[in-house]
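Descriptive structure summary
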Amino acid sequence: MEQNREIEQLLEELDDEDTEIQDAATSALVEIGAPAVPALVEALGHDVWDVCDGAADVLARIGEPAIPDLIEALGDEIKHRSLNAADALGRLGKSAVPALIQALNDSYQPVRENAARALGIMRNSAADAVPALSRALRDEDIEVRTNAAIALSHLGESASGAVPILAEALLDESERVREHAAYALEQIGTPEAATALDQL
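A few points on the structure.

1. Quick look at the packing of helix α12 (residues 175-188) against helix α13 (residues 191-198)
Orientation of α12 relative to α13, taken along the N-to-C sense of each, is 145°, at an axis distance of 8 Å. Taken as a pair, α12 and α13 cross one another with a handedness that is left-handed. On the side of α12, the interface is formed by Ala182, Leu185, Glu186 and Ile188, while α13 contributes Ala193, Ala196 and Leu197. Considering only residue class, the contact of α12 with α13 consists of six nonpolar, no polar and one charged.

Dropping the structure here:
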């Protein structure tokens, strides 16, 4: 009970005008670690941006113990909490990739969409996710396909294995998917990617 009150007070201090107090609160929350994770994930949906951003930063620093709660939050009904969870996972880097690959197969669309978004934030740390992101280009949901194409564009030549499916995506029913698939092929830049673009 005492620790819960301490965590709540520290979360409030993430929005303090004094940056030294903010920094001290961040360090204290990181030191508390896993027990602070549920409250931090809840804070990702806070009305004040500094609290959301501070919570995402702390969760990224806590690392692997935060991953299960963040994955669950990808499908939160509060849109900015789910987006901030994706941001926190993106900051975590390579350690979150296996869980995000699994989340790309989730039955709930917002989880798949935000998992692809998080992998895009990771850029080169997400190279192992290329096969899963390629499969996501065939997802039934436009937002999932769009975010998968964006993530692949951030990987550049590392995403060369996705070229055949990106070429298919150039014929997608959604203009946004087509545009991002074309941009991904440009960023990959291999001869095979150029050939796919030449067929437009």
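2. Details of the pattern of salt bridges
In the structure shown here, the tally under the stated rule is 13 salt bridges. Across the pair glutamate 168 and arginine 138 runs a salt bridge whose closest N-O atoms are separated by 2.7 Å. Linking glutamate 168 in helix α11 (residues 163-169) with arginine 138 in the loop between α9 (130-136) and α10 (142-155), this pair joins segments that are 30 residues apart in sequence. For arginine 138, a relative accessible area of 54% translates into the label exposed.

3. Some words on helix α4 (residues 49-62)
What sets the pattern is the α-helix's 3.6 residues per turn: residues three or four places apart point alike. Taking 1.5 Å as the rise per residue, α4 with 14 residues should run 20 Å; its terminal C-alpha atoms sit 20 Å apart, in good agreement. Among all positions in α4, only Val51, Cys52, Gly54, Ala55, Ala56, Val58, Leu59, Ala60 and Ile62 are buried. Here the buried face of α4 lies against α1 (2-13), α2 (19-32), α3 (37-43), α5 (67-73) and α6 (79-92). Backbone geometry just after α4 places glycine 63 at a positive phi near 85°.

The rules we used
- Residues numbered from 1 in each chain as written.
- Predicted model: local features only at pLDDT ≥ 70, side-chain atom pairs only at ≥ 80, totals over all residues.
- Heavy atoms only, no water.
- Axes fitted to C-alpha atoms, helices over the stretch in contact; angles between N-to-C directions.
- Helix = DSSP H or I, 4+ residues; strand = E, 2+ residues; numbered from the N terminus.
- Left-handed = near helix turned anticlockwise from the far one by under 90°.
- Contact = heavy atoms within 4.5 Å.
- Nonpolar A, V, L, I, M, F, W, Y, C, P; charged D, E, K, R; others polar.
- Salt bridge = Lys/Arg side-chain N within 4 Å of Asp/Glu carboxyl O.
- Buried < 20%, exposed > 50% of the residue type's maximum accessible area, 1.4 Å probe, protein only.
- Expected span 1.5 Å × (residues − 1).

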